[in-house]
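# Tertiary structure, described
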Amino acid sequence: MRDAEEGSESPPSQMSGDGPGGSGGESESDRWMPDLRGGNGGGGGGGRWAPPDQVLENVLESVLEFLTAARDRNAASLVCRSWYRAEAQTRRELFIGNCYAVSPRRAVERFGGVRDVVLKGKPRFADFSLVPYGWGAYVSPWVAALGPAYPRLERICLKRMTVSNDDLALIAKSFPLFKELSLVCCEGFSTHGLAAIAEWCRYLRVLDLIEDYIDEEDELVDWISKFPESNTSLESLVFDCVSVPFNFEALEALVARSPALRRLRVNHHVPVEQLRSLMAKAPQLTHLGTGAFRSEPGPGGVLSVSELATSFAASRLLCLSGFRDVNPEYLPAIHPVCVNLTSLNFSFASLTAEELIPVIRNCARLRTFWVLDTVGDEGLRAVAETCSDLRELRVFPLNATEDSEGSVSDVGLQAISEGCHKLELILYFCQRMTNAAVIAMSKNCPDLVTFRLCIMGRHRPDRITGEPMDDGFGAIVMNCKKLTRLSVSGLLTDKAFAYIGKYGKLIKTLSVAFAGNTDMSLQFVFEGCTRLQKLEVRDSPFSDKGLLSGLSYFYNMRFLWMNSCKLTMRGCRDVAQQMPDLVVEVMKDHPDDEGEMETVDKLYLYRSLAGPRNDAPPFVNIL
Amino acid sequence: MAECMGSDDRPSPSSSMDSSTHPALSTTSSACRPPARRDLSTDLQLGLCLSSTSSSSLLQAATESIPSTPRNQALSDWPPIKPFLRSALQKASVVGGARRRRTLFVKVYMEGVPIGRKLDLLLLDGYDSLLVKLCHMFNTPITYADVMECHQQVSGHKAAHVLTYEDKDGDWMMVGDVPWEYVLIYFTGHLHFILLIISLTHVYCFYRLFLTSVKKLRIARMDKC
């Protein structure tokens, strides 16, 4: 963090901004003591009651309260020391994009009034089992530091971190005003930890467990029963990833005494009969995760479709998900709410086009749609014809292999591009694609911010012309001027990366797999993508030369990940030696060979103020 | 989710192997038995006397036998799907997909007509819809064992044809003779059958399940029965 010189524009008062002002928190080389008597100069008439600096700082803090965006705050903190301090005291949300980039102690020392912490840990390729188990991203040191420093902390959001039950218990006990806990793609905890949160966080409003891996130990704890017995403040309870059974009666009772509950997503142990009961107890719900969406008859017998439809008709739902083991016969029950739906997640429901179309025909207001490729190009065509307001589309594969039949293709993509002009985010898995369809999307959907195309067959060219997919991705970066995130696939040469470097000026995240032919690809990207923050590369023929072409750019990035490329220890050591504020971690799949020329299986490098971490497991070598 | 129905409830004696099931000797009160839509809850227990270990090991065997990819290198980390989604969908395509994605086409011949038709039994949900479908296909009234009595008692209306099927042994049998419970035991050796039992929630499974052993249907003339 550089300290700025005194600002060129003169501040309202006559204070020189270089001094520490009234209270000196940091040690400065020269201390300028203010003249406390006869304070002339503005700042609200300090006079004998307060030095003008102090008043200015108070005013500044009040003003800076209104700055919420981190970028604006970072800029403000660079103006001068006074602004730096004022900003540090008024920052409410602390966002740490890489938990190893700064030590908890340092973060806590700088920022005094934090209410909201966001921490991200492992690199994204950990989601696909590319980061070995036990790599790190432990939240424990953070919780230990945050506890004493921010007793008024209200919100914690963790992504890809290792969270233990003890950590959750400590969170629950450290923050008496705690309101929101969001765990995304985390692991290491079980229902014991959830019980601690439920029991101790009396003011809890949000408990969102999204795509976490919950330890399924022998003893299951009935965590739902641990919520306060009086009316709760719960607004959101998301636990569809908690795959173990739970106490349904306790959930019913909890829902009944949570009048503010808007969002409820249950796991697949809930059949439609129980779902109906929950809906009746919480008519104010706007977001519902529907569980299994099939029947498991209880004493009341099998629920009929029309009875379930009545429940939906009486609801105010805007957002539906779940359908974890859907019986398509029950789908018509959601027709009453389709016209109002803005978000629909069918990504666990293997539906055919015939099953999807009657539903989607009613969803004219849909903005977010997640679906499996079983609906085929025909299903996507129906989406395109109805959902003209669609902003986000994700198409997942039922058979995530390279040789499966694949029901969606360039035809579906083309149809979507022709119907959904407002599309901002697309994630599309397919077996076959053409440049023409991708080019069409680039022209029809100029608002695209995220374009992630996964052609599952490695190195697969254009289905019709047999050419590489260079032109398609080139068109995307050329025509989609707002693009910040791009994932490429298929047969790609250096030409594709030349396009990306030339036109992808706003790209922050780039994912590359099985692509490129020489190191020039990497060089194009490093030199061209000036806003690049995160680059993840796998199984591509890039060597040390390509790696070293990025030397002058690594400090501008959050991280670089490369696995199964052609890197050697020598190249990685070069980088580590030349860039002292970079942490260079290498991992080997088979730790047998030694020597300089050995290849590196996995490289993860990131800028850091904290230096090499001390919790690295044996398979991680920090250079 | 895929819980074993290793049930401790023993089947009631009236539906055991030994009781006669010929419609004429049936103990049900109404002569015209409603086809297919019975309370099969007791039927489900029958033939499901599988211990949890054996059934789960069968399910395990079935899952392992599903080939993930024919290529020599089946990558677990490509395509980039999160493991929980991958495993959830794999279960769906084994169990649920088997339930809905599979087809069971059987050939149907009408006596006197050399060219047969094909019918996907998995699209039907019971004996009566099978009849309706066939009546449409062959444009002739067809009956089967269960409702024969009913027709005979209703004056005048006589079905011209009766529906029969060829079972595993190659014998021609009249459809509807055998109530579901018999057939379940009879075809209980089928792996597919066991798989669906374990994941059971839907009574329609049984109809489809047992019919996987059916090879052909034949519509025979009434006077030849």
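Within an unreviewed UniProt entry, the label attached to chain B reads Auxin-responsive protein, and the organism entered is Zizania palustris. Quoted verbatim from the Subcellular location (unreviewed entry) heading of the UniProt record, the comment on chain B is "Nucleus". Taken verbatim from the UniProt record of chain B, the Sequence similarities (unreviewed entry) comment is "Belongs to the Aux/IAA family."

Where an unreviewed UniProt entry is consulted, chain A appears under the name F-box domain-containing protein, with the organism given as Zizania palustris. As recorded by UniProt, the Pathway (unreviewed entry) comment attached to chain A reads in full: "Protein modification; protein ubiquitination." Taken verbatim from the UniProt record of chain A, the Subcellular location (unreviewed entry) comment is "Nucleus".

If you tally the helices and strands in chain A, you get 20 helices and 21 strands. For chain A, the C-alpha radius of gyration of 27 Å lies close to 25 Å, the compact-globule estimate for 623 residues. Considered along the principal axes of its C-alpha atoms, chain A spans approximately 85 × 65 × 50 Å. Counted over contacts in chain A with a minimum sequence separation of 6, partners at least 24 positions apart contribute 70%. As displayed, chain A offers around 25700 Å² of accessible surface, 51% of which is attributable to carbon and sulfur atoms. Averaging the coordinates of the 67 positive side-chain charges in chain A and doing the same for the 80 negative ones gives two points 5 Å apart.

Bringing the overall build of chain B into the picture now. Scanning chain B for helices and strands turns up eight helices and six strands. Order of helices (α) and strands (β) in chain B, N terminus to C terminus: α-α-α-β-β-α-β-α-β-β-α-α-α-β. Sorting the 225 residues of chain B into buried and exposed places 43% on the buried side.

Counting residues in each nonpolar core, the largest one holds 180 residues, and the members touching the most others are Phe312(A) and Phe346(A). Contact partners of Phe312(A), with chain neighbours within four places excluded, come to Leu275(A), Met279(A), Leu288(A), Phe293(A), Leu317(A), Leu320(A), Ala333(A), Ile334(A), Pro336(A) and Val337(A). Counting residues in each nonpolar core, the second largest holds 16 residues, with Phe429(A), Cys454(A), Met456(A) and Leu85(B) among its members.

Tracing the sequence through the fold places Ala144(A) in helix 5 (residues 140-149). Taking the C-alpha atoms as reference points, Ala144(A) and Leu170(A), separated by 26 residues in sequence, lie 8.0 Å from one another.

Here we come to the UniProt feature "domain: COI1 F-box" (unreviewed entry) in chain A. As recorded in UniProt, the feature "domain: COI1 F-box" (unreviewed entry) lies at residues 53-92 of chain A. Each end of residues 53-92 of chain A is marked by a C-alpha atom, and these two atoms are 23 Å apart; helix forms 75% of the span and strand 0%.

According to UniProt, the positions carrying the feature "domain: Transport inhibitor response" (unreviewed entry) are residues 114-158 of chain A. For residues 114-158 of chain A, the end-to-end C-alpha separation is 16 Å, with 22% helix and 20% strand making up the annotated structure.

Attention now moves to unusual backbone geometry. Residues and elements named next belong to chain A. The phi dihedral of Phe 293 falls on the positive side, at around 60°, and the residue is not glycine. With respect to the helices and strands, the residue Phe 293 is situated in the loop between strand 8 (287-290) and helix 10 (305-313). Phe 293 gets classed as buried once you look at its relative accessible area, which sits at 0%. Positive phi values are uncommon outside glycine, yet Phe 323 reaches one of about 50°. Inspection of the secondary structure puts Phe 323 in the loop between strand 9 (319-321) and helix 11 (335-338).

Glancing now at the packing of helix 12 (residues 353-360) of chain A against helix 13 (residues 376-386) of chain A. Residues and elements named next belong to chain A. Taken N-terminus to C-terminus, the directions of helix 12 and helix 13 make an angle of 10°; their axes are 9 Å apart at the nearest point. One way to sum up the angle between helix 12 and helix 13 is to call them roughly parallel. Counted together, Ala 353, Glu 354, Leu 356, Ile 357 and Ile 360 of helix 12 and Glu 378, Gly 379, Ala 382, Val 383 and Thr 386 of helix 13 form the full contact between these two elements. Of the residues in the contact of helix 12 with helix 13, the class split is six nonpolar, two polar and two charged.

All names here are of chain A. Per the counting criterion, the structure on display carries 30 salt bridges over all chains. A salt bridge links Glu 252 to Lys 281; the shortest N-O distance between them is 3.6 Å. Taken together, the residues span a long stretch of sequence, with Glu 252 in helix 8 (residues 248-256) and Lys 281 in helix 9 (residues 272-281) at a distance of 29 residues. In this structure, a network of salt bridges that share partners links the residues Arg 367, Asp 389, Arg 391, Lys 422 and Glu 424.

This part is about the packing of aromatic side chains. One pair of aromatic rings is described through two measures. These are the centre distance and the angle between the planes. All names here are of chain A. This model, assessed by the stated rule, comprises 22 aromatic pairs over all chains. Plain terms: the ring middles of Phe 293 and Phe 312 are 6.2 Å apart, the flat faces sit at 65° to each other, and that makes the pair edge-to-face. Of this pair, Phe 293 sits in the loop between strand 8 and helix 10 while Phe 312 sits in helix 10; the two residues are 19 residues apart in sequence, bridging distant segments of the chain. Per residue, the accessibility class of Phe 293 equals that of Phe 312, and both read buried. Measuring from ring centre to ring centre gives 6.3 Å for Phe 396 and Phe 429, while their planes differ by 25°; the resulting arrangement is stacked. Within this pair, whereas Phe 396 is found in strand 12 (residues 392-396), its partner Phe 429 is found in strand 13 (residues 425-430), the two being separated by 33 residues in sequence. Using a relative accessible area of 9% as the deciding quantity, one classes Phe 396 as buried.

Analysis parameters
- Residues numbered from 1 in each chain as written.
- Chains lettered and ligands numbered in written order.
- Predicted model: local features only at pLDDT ≥ 70, side-chain atom pairs only at ≥ 80, totals over all residues.
- Heavy atoms only, no water.
- UniProt positions renumbered as here; feature names shortened; annotations may be inferred.
- Helix = DSSP H or I, 4+ residues; strand = E, 2+ residues; numbered from the N terminus.
- Rg over C-alpha atoms; globule rule 2.2 N^0.38 Å.
- Contact = heavy atoms within 4.5 Å.
- Areas by Shrake-Rupley, 256 points an atom, 1.4 Å probe, with all protein chains shown as cover.
- Lys, Arg positive; Asp, Glu negative; His and termini not counted.
- Charge placed at Lys NZ, Arg CZ, Asp CG, Glu CD.
- Buried < 20%, exposed > 50% of the residue type's maximum accessible area, 1.4 Å probe, protein only.
- Core = buried A, V, L, I, M, F, W, Y, C linked by side-chain atoms within 4.5 Å.
- Axes fitted to C-alpha atoms, helices over the stretch in contact; angles between N-to-C directions.
- Parallel < 35°, antiparallel > 145°, perpendicular 65-115°, else oblique.
- Nonpolar A, V, L, I, M, F, W, Y, C, P; charged D, E, K, R; others polar.
- Salt bridge = Lys/Arg side-chain N within 4 Å of Asp/Glu carboxyl O.
- Phe/Tyr/Trp six-rings, centres within 6.5 Å; stacked < 30°, edge-to-face > 60°.

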